Amino acid sequence: MIIQIALLLVGLVLLVKGADWLVDGASVLAKKKNVSDLAIGLTIVAFGTSAPELVVNAVAASGNYPDIVFGNIIGSNNFNLFIILGISGLIIPLSVQSSTVWKEIPYSLFAAILIFFLANNYLIGNSEGLSRLDAAILLGLFLVFLYYVATQLKTDPSAEILEVKDYSTLKIWVLIFLGLAGLVGGGKLVVDNAVAMAQSLGVSEKIIGLTIVAAGTSLPELATSVVAAMRKNTDIAIGNIIGSNIFNIFLILGVSGLIRPLAYNASFNTDLYILAGGTIFLFLAMFTGKRHRLDRWEAILLLVVYLGYTGYLVSAEL
């Protein structure tokens, strides 16, 4: 068990560092090829924070571990919403742009509701849970979101300012190679040892996916939002989380479902209720106290709900 925990932690470190190296190398390469800051931000940087979830899910889908696939995404989204926003909101009340309140938060809620209906086969009847057709629908909606983000950034010149370092060609390719190797190797270590831990502890893969794997793959979002909150860049702190939750469902579950149709464990419905409820709470919080702001008491409530629910889940399994 100690070896499995150690290997899982090594895998998580490789995932986070691999994503960091890949983003650094690819961003500099793109800049040298005269790719715009906007395009780099929308593709390479956005992919970077979602890369751990994407690689873990690709490995889990290939190995036919659907509970890890769904647990990682639903668990990561709940961790993002309740823990990361909760911690960021404790550091500083989070003011939110009007477009985030009226467009991005509702789109995030729509994503949670849609995956509920698709996975339970309420929209398109099949016996597969998340089929390849469902996955194609998710990816199509991801492209719609990407188009929306691109149009938003074009109307905000300040969003196009991207700081990119200058590396030699050799260092660029070394970073890209190390990044890809770290992601692939880390993803394999995380999935293999998460499954082994579940078997050793006698708990379900679902619980391991919802807790340890989900929290670990959300580390880039945690670092980004906490640093942004400390620097009083509240738009980044909350926009990073909402954007990540949309990416996770539409892009990462979409890719996972294309790799292999995924059986769905209906016990995940409760976790989706929590996700949808938390997103609705976030929307309503924009109209209590100071308008368009997540206050500290609301951030505390997010943290308490998540810790209480996670404690209940774990105690029910042990």
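What you see is a predicted model, and the numbers here were worked out from it, not measured in a lab.

**With respect to the overall build of the protein chain**
In step 1: Summing up its helical and strand segments, the protein chain has 11 helices and 2 strands in all.
In step 2: Counting from the amino terminus, helix and strand elements in the protein chain follow one another as α-α-α-β-α-α-α-α-α-α-α-β-α.
In step 3: Compactness check: the protein chain gives a C-alpha radius of gyration of 19 Å against a globular reference of 20 Å for 318 residues, within 12% of the reference.
In step 4: C-alpha atoms of the protein chain, sized along the principal axes, occupy 50 × 50 × 40 Å.
In step 5: Classification of the 318 residues of the protein chain by burial places 52% in the buried group.
In step 6: A separation threshold of at least 6 residues defines the contact pool for the protein chain, and within that pool the share at least 24 residues apart is 82%.
In step 7: With an accessible surface of roughly 13,700 Å², the protein chain has 68% of that area assigned to carbon and sulfur atoms.
In step 8: Each charge class in the protein chain can be summarised by its mean position, and for the 18 positive and 20 negative side chains these summaries are 7 Å apart.

**Overview of the confidence of the model for the protein chain**
Low-pLDDT portions of the prediction should not be read for the details of their coordinates.
In step 1: Averaged over the protein chain, the pLDDT score is 86; the fraction of residues at 70 or greater is 91%.
In step 2: Across the protein chain, helix α10 (residues 268-285) holds the top mean pLDDT of 95, while helix α2 (residues 37-62) sits lowest at 77.

**A closer look at a nonpolar patch on the surface**
In step 1: A cluster of nonpolar side chains, Met1, Ile5, Leu9 and Leu201, forms an exposed patch at the surface whose accessible area comes to about 340 Å².
In step 2: Following the sequence through the fold, Ile5 ends up in helix α1 (residues 2-32).

**Overview of the packing of helix α4 (residues 98-119) against α10**
In step 1: For the pair α4 and α10, interaxial distance at closest approach is 10 Å and the crossing angle is 165 degrees. Taken together, the axes of α4 and α10 lie roughly antiparallel to each other. Of the two possible hands of crossing, α4 and α10 adopt the one that is left-handed. Residue-level contacts link Val101, Trp102, Ile105, Pro106, Ser108, Leu109, Ala112, Ile115 and Phe116 of α4 to Asn269, Leu272, Tyr273, Leu275, Ala276, Thr279, Ile280, Leu282 and Phe283 of α10.
In step 2: Residues that form the contact of α4 with α10 fall into these classes: 15 nonpolar, 3 polar and no charged.

**What to know about the packing of aromatic side chains**
In step 1: Within this structure, the stated rule accounts for 19 aromatic pairs.
In step 2: Each ring, one from Phe70 and one from Tyr264, has its centre 5.0 Å from the other, and the planes form 80 degrees; the classification is edge-to-face. Taken together, the residues span a long stretch of sequence, with Phe70 in helix α3 (residues 66-91) and Tyr264 in the loop between α9 (234-259) and α10 at a distance of 194 residues.
In step 3: According to the relative accessible area criterion, Tyr264 is buried, its value standing at 15%.
In step 4: Ring geometry for Trp102 against Phe287: centres 5.5 Å apart, planes inclined by 55 degrees, an arrangement best described as tilted. In this pair, Trp102 is assigned in helix α4 and Phe287 in the loop between α10 and β2 (293-294), connecting sequence segments 185 residues apart.
In step 5: Each member of the aromatic cluster is reached from another via a ring pair, and the members are Tyr107, Phe110, Phe142, Phe145, Tyr148, Phe247 and Phe250.

Parameters at a glance
Residues numbered from 1 in each chain as written. Predicted model: local features only at pLDDT ≥ 70, side-chain atom pairs only at ≥ 80, totals over all residues. Heavy atoms only, no water. Helix = DSSP H or I, 4+ residues; strand = E, 2+ residues; numbered from the N terminus. Rg over C-alpha atoms; globule rule 2.2 N^0.38 Å. Buried < 20%, exposed > 50% of the residue type's maximum accessible area, 1.4 Å probe, protein only. Contact = heavy atoms within 4.5 Å. Areas by Shrake-Rupley, 256 points an atom, 1.4 Å probe, with all protein chains shown as cover. Lys, Arg positive; Asp, Glu negative; His and termini not counted. Charge placed at Lys NZ, Arg CZ, Asp CG, Glu CD. pLDDT = per-residue confidence, 0-100. Patch = residues over 30% accessible without salt bridge, like charges linked within 9 Å, V, L, I, M, F, W, Y side chains within 5 Å. Salt bridge = Lys/Arg side-chain N within 4 Å of Asp/Glu carboxyl O. Axes fitted to C-alpha atoms, helices over the stretch in contact; angles between N-to-C directions. Parallel < 35°, antiparallel > 145°, perpendicular 65-115°, else oblique. Left-handed = near helix turned anticlockwise from the far one by under 90°. Nonpolar A, V, L, I, M, F, W, Y, C, P; charged D, E, K, R; others polar. Phe/Tyr/Trp six-rings, centres within 6.5 Å; stacked < 30°, edge-to-face > 60°.

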